[in-house]
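# Observations on the model geometry
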Amino acid sequence: MIRCPSHTPTRRQVIAAGAGFAGLMLAPSAQATPQEMEKAILAFTGGVKPKEGRVTVDIPVLLESGASVPTKVSVQSAMQGDDFVTSLAVFNEKNPQPNVAVFHFSARSGQAAVQTRIRLGDSQKIVAIAKMRDGSYYMGAIEVIVTLPACAEDA
Amino acid sequence: MAGNMGRALISLPAKAKRGAVIEIRAMIAHPMETGYRPDSQGRLAPRDIVNRFECLFEGEQVFAADLFPAMSANPYLSFTMRVDAGGELAFRWRDDSGAMAEEKRRIEVE
């Protein structure tokens, strides 16, 4: 057998090329990663690790299309005194950017609950982080499956 | 006011009991071009999204949102407000091109 690196590469070369190719595949669509989402979350919390709980992310678990995904985020809070949600940020793992939206509440809000429609580029985890007035952070998350990603469609 | 900013739709009750928490729904027609999508020429269409929404009651902020390309086209938001008095609500959207849209609605207490 004639060894020709360009045609019959070694296992090591295949792996290296595979990694490079995967990089190329990702470059045009520039996907965020779970690590980038983690970074974006810590940027929002100022480095504080959010506690689990109080935040609910409500999305149908199986989605036919990622172009317009009905999403409800809410926080269990009296919205009075220190038990008050000042803002609520939504993040994703696999869209081109980890940020989705940041919602800001006021004394007139009455509830910390928002419904909206978002784009999902792939099956992934959606995380919502609540910033409380007392400086603490809470988080909730949901895993969703998308069969037709948002990027495949025009709108 | 021009470009991609379209017509706004707002839904809220005309009247509410004092102290009631009402739901307000606001949507505006806008393509929310992500900046990641190739146009018909194969070039990436430049990003133009509604990046900010605000709802004010008598000039005071009730709710606001910073939006990113992961928001769907024709961004829709539903949020709540406690009604303490009657007055005027203003709804404002701003997109990347700097275009603004504003709508006003009144609410009365019963």
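Fair warning: this is a prediction, and the values are worked out from it, not measured in the lab.

Cut-offs applied
Residues numbered from 1 in each chain as written. Chains lettered and ligands numbered in written order. Predicted model: local features only at pLDDT ≥ 70, side-chain atom pairs only at ≥ 80, totals over all residues. Contact = placed C-beta atoms within 7 Å. Helix = DSSP H or I, 4+ residues; strand = E, 2+ residues; numbered from the N terminus. Nonpolar A, V, L, I, M, F, W, Y, C, P; charged D, E, K, R; others polar. Pairing = 2+ DSSP bridges. Axes fitted to C-alpha atoms, helices over the stretch in contact; angles between N-to-C directions. pLDDT = per-residue confidence, 0-100. Buried ≥ 20, exposed ≤ 12 C-beta atoms within 10 Å, placed from the backbone. Core = buried A, V, L, I, M, F, W, Y, C linked by C-beta atoms within 7 Å.

## Considerations on the interface of chain A and chain B
Chain A puts 28 residues into the contact, and the matching count from chain B is 23 residues. Among the elements of the structure, β6 (99-104) and β7 (112-118) of chain A are those that each provide at least two residues to the side of chain A that touches chain B. Of the residues assigned to the side of chain A that touches chain B, the class counts are 12 nonpolar, 13 polar and 3 charged. Where β7 of chain A meets strand β6 (residues 76-82) of chain B, 2 bridges bridge the pair, whose relative direction is antiparallel. Each bridged residue has a counterpart across the sheet, and for glutamine 115 of chain A the counterpart in β6 of chain B is serine 78 of chain B.

## Digging into the sheet that holds β6 of chain B
With respect to topology, 6 strands assemble into an open sheet ordered β2(A)-β4(A)-β7(A)-β6(B)-β3(B)-β1(B), the strand pairing being antiparallel. Every interior strand has two partners, whereas the edge strands, β2 (55-58) of chain A together with β1 (8-11) of chain B, have only one. Between one strand axis and the next, the sheet turns through 15° on average, direction left out of account. Summarising the sheet, β2 of chain A and strand β4 (residues 69-75) of chain A pair through 4 bridges and their orientation is antiparallel. Bridge assignment links valine 57 of chain A to a residue of β4 of chain A, and that residue is valine 73 of chain A.

## Some points on the confidence of the model for chain B
For chain B, per-residue confidence averages 94 on the pLDDT scale, and residues scoring 70 or more make up 98% of the total. Interface confidence for the predicted complex, expressed as ipTM, amounts to 0.95; the pTM equals 0.85.

## Quick look at the pairing of β6 of chain A
In terms of burial, β6 of chain A is a largely internal element, 5 of the 6 residues being buried. Taking the residues between adjacent antiparallel strands as the criterion, strand β5 (residues 85-92) of chain A and β6 of chain A are bridged by 6 residues. Note that β6 of chain A and strand β5 (residues 60-67) of chain B share 4 bridges and pair antiparallel. When the sheet's bridge partners are listed, alanine 101 of chain A is paired in β5 of chain B with leucine 67 of chain B.

## Quick word on the nonpolar core
Counting 59 residues, the largest nonpolar core has Leu88, Ala128 and Ala130 of chain A together with Met71 of chain B as the members making the most contacts within it. If near-sequence neighbours (up to four positions away) are discounted, alanine 130 of chain A is found in contact with Arg54, Val55, Val75, Val85, Leu88, Ala112, Tyr137 and Tyr138 of chain A.

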